[in-house]
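Observations on the model geometry
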Amino acid sequence: MQQRAIIQQLKPTRVFASLHSIKVLIQPSYTVAATQRKAKPISTDNAKQLLETAEQTDDEALKAALTHLAQTSRNRRKSDDS
């Protein structure tokens, strides 16, 4: 029995010298389920502003991200209209 083994390991320590019993409870770990939210599409005007900003940006990674965001918005709106 695990209870006896644990008590035998703890008894030699001064704090648990008079230990007679121990209760072990095991429960599954608690995890919070991630809630997924659907992003609201940005307006056509905002998509245009993102594209204009991308055109004036020297940073290629930022330019690609802004362009992708603007195009994603356009694609989402097209599929919503269908």
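Our subject is the structure listed above.
Everything in this summary refers to the structure shown in the same document. (Residues numbered from 1 in each chain as written. Predicted model: local features only at pLDDT ≥ 70, side-chain atom pairs only at ≥ 80, totals over all residues. Heavy atoms only, no water.)

**Observations regarding the overall build of the protein chain**
- Assigned secondary structure in the protein chain consists of three helices and zero strands.
- Helices and strands in the protein chain line up, N terminus first, as α-α-α.
- When the 82 residues of the protein chain are sorted by exposure, 12% land in the buried category.
- Intrachain contacts of the protein chain at a sequence separation of at least 6 include 32% that bridge at least 24 residues.
- Surface accessibility of the protein chain: about 7700 Å² in total, with carbon and sulfur atoms responsible for 52%. (Helix = DSSP H or I, 4+ residues; strand = E, 2+ residues; numbered from the N terminus. Buried < 20%, exposed > 50% of the residue type's maximum accessible area, 1.4 Å probe, protein only. Contact = heavy atoms within 4.5 Å. Areas by Shrake-Rupley, 256 points an atom, 1.4 Å probe, with all protein chains shown as cover.)

**A word on the nonpolar core**
- Counting six residues, the largest nonpolar core consists of Ala 47, Leu 50, Leu 51, Ala 54, Leu 66 and Ala 70.
- Elements represented by at least two residues in this core include exactly helix H2 (44-55) and helix H3 (60-81).
- For this core, the element with the most residues is H2, which contributes four residues.
- Other than its neighbours up to four places away in sequence, Ala 54 contacts Lys 63, Leu 66 and Thr 67. (Core = buried A, V, L, I, M, F, W, Y, C linked by side-chain atoms within 4.5 Å.)

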